[in-house]
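Structural description and commentary
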Amino acid sequence: MNGDPVQKILENQVLTVAKAVEEKLDEQLSRLDVDRLEEDDLEQLRERRLQEMKKMAAKRQHWLSLGHGEYQEIQSEKEFFAVAKASERVVCHFYRENWPCKVMDKHLSLLAKQHLETRFVKIHAEKSPFLAERLKIVVLPTLALIKNAKAEDYVVGFNELGGTDEFNTEELEERLAKSKIIAFEGESSAGRWGSKPSSNKQSIRQGGDRDDSDSDD
């Protein structure tokens with residue numbers, strides 16, 4: 001496992017977040033008049049910082065144990081319900097083997113690594129007819145955004161992503177953040193993805209032969 005690139009990314013994430021918490025608490029300390037603080041007060045602040053970091057590390061280990069951090073395919077409707085019950089926040093991609101769904105796969109694979117707090121999975125729509133009917137899945141790809149075992153929102157096709165398959169990962173990230181299915185502080189993601197947000201939004205059908213959606217008909 002030591003050579004697993006995904007594991008290394010996740011370990012770096014934990015360290016990065018822990019560092020951010022430490023820096024925030026250090027900033028709080030710097031705003032205080034240290035000369036007026038008793039030694040007990042300083043010790044309490046240090047202890048609070050340590051406890052917050054421990055809680056954060058434990059939470060991330062729990063997420064990892066549930067499969068967070070990787071974009072995975074689930075094989076059955078029964079497994080879908082188990083995933084939705086186990087994780088507080090889930091993004092489930094209903095897909096079939098076509099170009100638009102492969103585009104969505106690419107972006108979700110990146111986001112799964114960046115947002116450890118959310119489980120990212122996909123399920124073949126045609127192999128899960130009961131689930132597709134229950135959630136009213138018609139257009140593919142569709143992302144079901146599930147919180148506390150309830151589907152609260154959907155991203156249907158590419159309509160909200162500029163209408164073409166040329167959208168950037170950060171555009172999808174921001175759309176998911178609007179539904180609060182991922183934690184997002186509003187910082188630019190362009191640096192992470194190595195790309196810049198698209199300045200021109202094309203019309204929904206300006207994709208030529210490669211449609212942005214597909215129905216189950």
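Residues numbered from 1 in each chain as written. Predicted model: local features only at pLDDT ≥ 70, side-chain atom pairs only at ≥ 80, totals over all residues. Heavy atoms only, no water.

By the naming in an unreviewed UniProt entry, the protein goes by Thioredoxin domain-containing protein and is assigned to Taxus chinensis.

Running from N to C, helix H4 (residues 99-114) and helix H6 (residues 169-178) point in directions that differ by 70 degrees, and their axes come no closer than 10 Å. For the element pair H4 / H6, the angle class is roughly perpendicular. Seen along the crossing, H4 lies across H6 with a hand that is right-handed. Only Thr169, Leu172, Glu173 and Leu176 of H6 make contact with H4, whose side of the interface consists of Met104, His107, Leu108, Leu110 and Leu111. Counted by class, the contact of H4 with H6 contains 6 nonpolar, 2 polar and 1 charged residues. (Axes fitted to C-alpha atoms, helices over the stretch in contact; angles between N-to-C directions. Helix = DSSP H or I, 4+ residues; strand = E, 2+ residues; numbered from the N terminus. Parallel < 35°, antiparallel > 145°, perpendicular 65-115°, else oblique. Left-handed = near helix turned anticlockwise from the far one by under 90°. Contact = heavy atoms within 4.5 Å. Nonpolar A, V, L, I, M, F, W, Y, C, P; charged D, E, K, R; others polar.)

Strand order across the open sheet formed by 5 strands is E1-E3-E2-E5-E6, with mixed pairing between neighbours. The strands lining the two open edges of the sheet, one partner per strand, are strand E1 (71-73) and strand E6 (150-156). Sheet twist, expressed as the average angle between the axes of neighbouring strands with direction ignored, equals 25 degrees. Judged from the 6 bridges that link them, strand E2 (residues 89-95) and strand E3 (residues 119-124) form a sheet pairing that is parallel. Paired with cysteine 92 across the bridge in E3 is valine 121. (Pairing = 2+ DSSP bridges.)

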